[in-house]
Amino acid sequence: MPSYHAPLEDFRFVYHDYLDLEDCKALPSMAEATPDVIDAVLDEAARLSQEVLQPLNEVGDRQGCRFDQGAVMLPDGFGDAYRRYIDNGWTGLTTDPEYGGQGLPSFVGLALSEMINAANPSFAAYPGLTHGAYEVLHAHGTESQKQRFLPPMVDGRWTGTMNLTEPQCGTDLGLIRTRAEPNEDGTYRINGTKIWISAGEHDLAENIVHLVLARLPDAPEGTRGISLFVVPKYRVGDDGSLGERNGVTCMGLDHKMGMKASATCEMQYEDAIGELVGEPNRGLAAMFTMMNAARLVTGIQGLGMADVALQNAQRFALERLQGRSLDGPRYPDRPADPIIVHPDVRRMLMIGRASVEGSRALGLYTGVQLELEQHHEDPATREAAGDWVALMTPIIKAWFTDVGSDVANLAMQVHGGAGYIVDTGVEQFVRDVRITQIYEGTNGVQALDLVGRKLVANEGRTLKSFFHHAERLLERTADATELAEFVGPFAASVTRLKEVSQWLYGRMAKNPLEAGAASSDFLRMFALTAMAFAWTGMAEAALRSRAAGRGRRAFLDGKLATARFFMQKMLPDTVALDAKIRAGAEPVMALSESQFEIG
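Remember, predicted model here, so these are calculated numbers, not experimental data. (Residues numbered from 1 in each chain as written. Predicted model: local features only at pLDDT ≥ 70, side-chain atom pairs only at ≥ 80, totals over all residues. Heavy atoms only, no water.)

**Q** Quick rundown of the overall build of the chain? Include the residues and the values.
**A** Scanning the chain for helices and strands turns up 17 helices and 11 strands. Against the 2.2 N^0.38 benchmark of 25 Å for 599 residues, the chain shows a C-alpha radius of gyration of 24 Å, consistent with a compact globule. Projected onto its principal axes, the C-alpha coordinates of the chain cover approximately 80 × 65 × 60 Å. Looking at the chain as a whole, 57% of its 599 residues qualify as buried. Of the contacts formed within the chain by residues at least 6 apart in sequence, a portion of 74% connects residues at least 24 apart. Accessible surface, the chain as shown: approximately 25,300 Å² in total, 51% of it carbon and sulfur. Across the chain, 57 positive and 79 negative side-chain charges occur, with their mean positions spaced 5 Å apart. (Helix = DSSP H or I, 4+ residues; strand = E, 2+ residues; numbered from the N terminus. Rg over C-alpha atoms; globule rule 2.2 N^0.38 Å. Buried < 20%, exposed > 50% of the residue type's maximum accessible area, 1.4 Å probe, protein only. Contact = heavy atoms within 4.5 Å. Areas by Shrake-Rupley, 256 points an atom, 1.4 Å probe, with all protein chains shown as cover. Lys, Arg positive; Asp, Glu negative; His and termini not counted. Charge placed at Lys NZ, Arg CZ, Asp CG, Glu CD.)

Written as structure tokens, this is what we have:
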């Protein structure tokens, strides 16, 4: 059966050697976030993930959620695990102390998110969505809404959801039909149907706080006419007490390829009482607070699932005996060599390792920028950090989830026929991770966001935020001869990305189809260059730590070897991607619609 071992040594290297937290030291969230506290959080999160959540992953997949007349029951053990989760304070790790949270930095929460998603992604959906709903109410709710809804969400007694998709619309939210009719007391009656609502109904919490997009009677058409409402499963009194059941019902569960212990529901709203969140007809902007946070967390979800798949592939490759090494037997006392001696198996494992460790560093680096954006006292610092976060959000969501799916499939390939058998558990990784490339905005939508919005946002300032960080690293390492093997390829990829960005900007101004045709290749090229940024920084940190005698020598040498693999075997893909982007829209759009008809 699969197992999971939290990568504590790598987390500690990233937090304590790679990341520069100097700009964060004065932030209120850093008051308690000493290295010892961060290490303690990592240790406890690892214990929770390995001992409590991972053993339930296969149980959740086998049993799934059960539906009975509007009620949803989770698989065996999930309720006990959730109680342990909230009793130990994990739901409040990074939330506002004013509402009962611990107030630790968001980049510490990302480590917890990676570990619990690696161990049990279905379980992770429930607190993950709750945190997103918390973020929306914390940013846009009235004082009364914050006082009534946030404390029980922070301590985990209540969970949260977001309700966007309807049968006739997914990405195009301008087609929403759910209606909100005003009542005399300032509340609203919500009527409509929402589909694919994760954690829409379950038996973990005493109340579920639904955030629902709907239209007011006089709302303009399209996305400019969408408002946001908080609609709890049980109505909430002025004092925060629970009242009668609201008019919201789960009509059924979707039968899915994976993530079977994450309840995906069809929700029916029939005169459900809700409260307006934020301004009328500005609901989509408010909901983007949750959607952007969800996209970052979805990326981290893909990363965690890649890591657990890679770990199991590595373990199998060390144990499975098959054939002999091409240069002669490595283990002549055994009937065959372990498959890890074979170059192609090594290739697959190294792709996984370079992808996982590079993504982890890039994700936590972005988490630091998110903390600066939200809490730094200097407006210029907040703006610069916000530009990085905005630019990296679609890249992290798309690239990390692509990594998750790619590495899970490579893990199955390493296992060979054993990977296709349910009993080994590897095929569950492939099934579970696949949705991450689809929900919270498909990866194609993320690519369009990067090219159509971020490439031109703020007159190019958002795009330039990456190059500012890259240029600082290149300036710092320019004369470090021991880093030349990393700095050279990184510098070339930065130059290549700048040139193709300018070329694409000019082409899409004349023909918008050029943006769509190039978007996925451009995102992948950008992601690889951002990974080169992370790997160059980690190589610098590894050499620095090795010179100072910090850390295990084998770990640091392995980090440098993996950095070399990335630079020599993965980063060159940017050359091919450059050529594919410059091929333009014509090869993509050459066929007419009728030529796609069958028969």
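What follows picks up the thread again.
**Q** Can you tell me about the environment of P75, naming the residues and giving the values?
**A** Position of P75 among the secondary structure elements: in the loop between β2 (71-73) and α3 (78-87). According to the relative accessible area criterion, P75 is buried, its value standing at 2%. For the pair P75 and R62, spaced 13 residues apart in sequence, the C-alpha separation works out to 8.7 Å. In this view, P75 contacts V59, G60, Q63, G64, R66 and A261; residues no more than four positions away in its chain are not counted.

**Q** Can you lay out the pattern of salt bridges for me, pointing to particular residues and giving the numbers?
**A** Inspection of every chain in the model, using the stated rule, returns 38 salt bridges. Here R347 ties to D344 by a salt bridge, and the two come within 2.7 Å at their closest N and O atoms. Separated by three residues within a single helix, R347 and D344 lie in helix α8 (residues 343-375), roughly one turn from each other. On the basis of relative accessible area, R347 is assigned to the partly exposed category, the value being 35%. On the basis of relative accessible area, D344 is assigned to the partly exposed category, the value being 43%. Notably, a salt bridge pairs E485 with R564, separated by 2.9 Å at the nearest N-O pair. (Salt bridge = Lys/Arg side-chain N within 4 Å of Asp/Glu carboxyl O.)

**Q** Could you give an account of the packing of aromatic side chains, with specific residues and numbers?
**A** Enumeration over the complete set of coordinates arrives at 19 aromatic pairs. The interplanar angle of 65° and the centroid separation of 5.2 Å between the aromatic rings of F466 and F526 together place this pair among those described as edge-to-face. Of this pair, F466 sits in helix α12 (residues 461-477) while F526 sits in helix α14 (residues 513-548), placing them 60 residues apart in sequence. Considered together, F466 and F526 belong to a single accessibility category, that of buried residues. The rings of Y18, Y365, W388, F466, F467, F490, F522, F526 and F533 are connected pair by pair, giving a single aromatic cluster. The ring of Y234 has R245 sitting right over it, with the charged end atom 5.6 Å from the ring centre. (Phe/Tyr/Trp six-rings, centres within 6.5 Å; stacked < 30°, edge-to-face > 60°. Lys NZ or Arg CZ within 6 Å of the ring centre and 35° of its normal.)

**Q** Lay out helix α9 (residues 379-415) in plain terms, naming residues and giving numbers.
**A** An α-helix turns once every 3.6 residues. As a result, residues three or four positions apart point the same way. Counted at 1.5 Å a residue, the expected span for α9 with its 37 residues is 54 Å, and the 51 Å between its end C-alpha atoms agrees. At M392, α9 shows its largest bend, some 35°, and a proline, P394, comes one to four positions later. With 26 of its 37 residues buried, α9 lies for the most part within the structure. Following α9 by one or two positions, G416 adopts a phi angle in the positive range, close to 65°. (Expected span 1.5 Å × (residues − 1). Bend = angle between axes of the 7 residues up to and from the residue.)

**Q** Summarise the packing of helix α1 (residues 8-18) against helix α15 (residues 553-570); cite the residues concerned and give the values.
**A** Running from N to C, α1 and α15 point in directions that differ by 75°, and their axes come no closer than 12 Å. As the angle between them shows, α1 and α15 are arranged roughly perpendicular. Counted together, E9, D10 and F13 of α1 and F555, L556 and K559 of α15 form the full contact between these two elements. Among the residues forming the contact of α1 with α15, the class breakdown is three nonpolar, no polar and three charged. (Axes fitted to C-alpha atoms, helices over the stretch in contact; angles between N-to-C directions. Parallel < 35°, antiparallel > 145°, perpendicular 65-115°, else oblique. Nonpolar A, V, L, I, M, F, W, Y, C, P; charged D, E, K, R; others polar.)

**Q** Kindly report on unusual backbone geometry, identifying the contributing residues and their values.
**A** At Q69, a residue that is not glycine, the phi angle is positive and equals roughly 50°. Overall, the relative accessible area of 78% leaves Q69 in the exposed class. A positive phi is found at M259, a non-glycine position, where the angle reads about 50°. Looking at the secondary structure, you find M259 in the loop between β10 (248-253) and β11 (264-277).

**Q** Let's hear about the pairing of strand β5 (residues 188-198): which residues, and what values?
**A** Relative to β5, strand β4 (residues 179-182) runs antiparallel, the two being bridged by four bridges. In the strand pairing of β5, E181 is matched with R189. In textbook terms, the turn of a hairpin is the stretch between consecutive antiparallel strands, and for β4 and β5 this stretch comprises five residues, one of which, G186, has a positive phi near 95°. As paired strands, β5 and β11 are joined by eight bridges and run antiparallel to one another. From the neighbouring strand, S198 faces β11, where its bridge partner is T264. (Pairing = 2+ DSSP bridges.)

**Q** Residue-level account of a nonpolar patch on the surface, with values.
**A** Residues L513, V588 and M589 make up a contiguous nonpolar surface patch of roughly 280 Å² in combined accessible area. Along the chain, M589 falls in helix α17 (residues 586-589). Assessed through its relative accessible area of 45%, M589 is described here as partly exposed. (Patch = residues over 30% accessible without salt bridge, like charges linked within 9 Å, V, L, I, M, F, W, Y side chains within 5 Å.)

**Q** Can you explain the nonpolar core? Please cite residues and give values.
**A** Side chains that are nonpolar tend, in soluble globular proteins, to be buried together. Counting 165 residues, the largest nonpolar core has Y18, F466, F522, F526 and F566 as its most contacted members. Broken down by element, this core gets its largest block of residues, 19 residues, from α14. Counting 28 residues, the second-largest nonpolar core is a separate cluster that includes Y134, V154, C169 and I226. (Core = buried A, V, L, I, M, F, W, Y, C linked by side-chain atoms within 4.5 Å.)

**Q** How would you sum up the state of the cysteines? Please name residues and give values.
**A** By the definition in use, this model includes zero disulfides. With no disulfide partner, C169 has as its closest neighbouring cysteine sulfur the one in C265, 18 Å distant. Classification of C169 as buried rests on a relative accessible area of 5%. (Disulfide = S-S within 2.5 Å.)

**Q** I'd like to hear about the pairing of strand β9 (residues 242-245), residue by residue, with values.
**A** As paired strands, strand β8 (residues 234-236) and β9 are joined by two bridges and run antiparallel to one another. Across the sheet, V236 pairs through a bridge with L242, a residue of β9. Taken together, β8 and the strand that follows it, β9, pair antiparallel across an intervening segment of five residues, in which G240 is found at a positive phi of about 90°.

**Q** Which residues make up the side chain of S405, and what values go with them?
**A** Tracing the backbone shows S405 in helix α9. Here S405 falls in the buried class, since its relative accessible area comes to 7%. When residues no more than four places from it in sequence are discounted, the contact partners of S405 are V433, R434 and Q437.

Geometric values such as these leave the question of function open.
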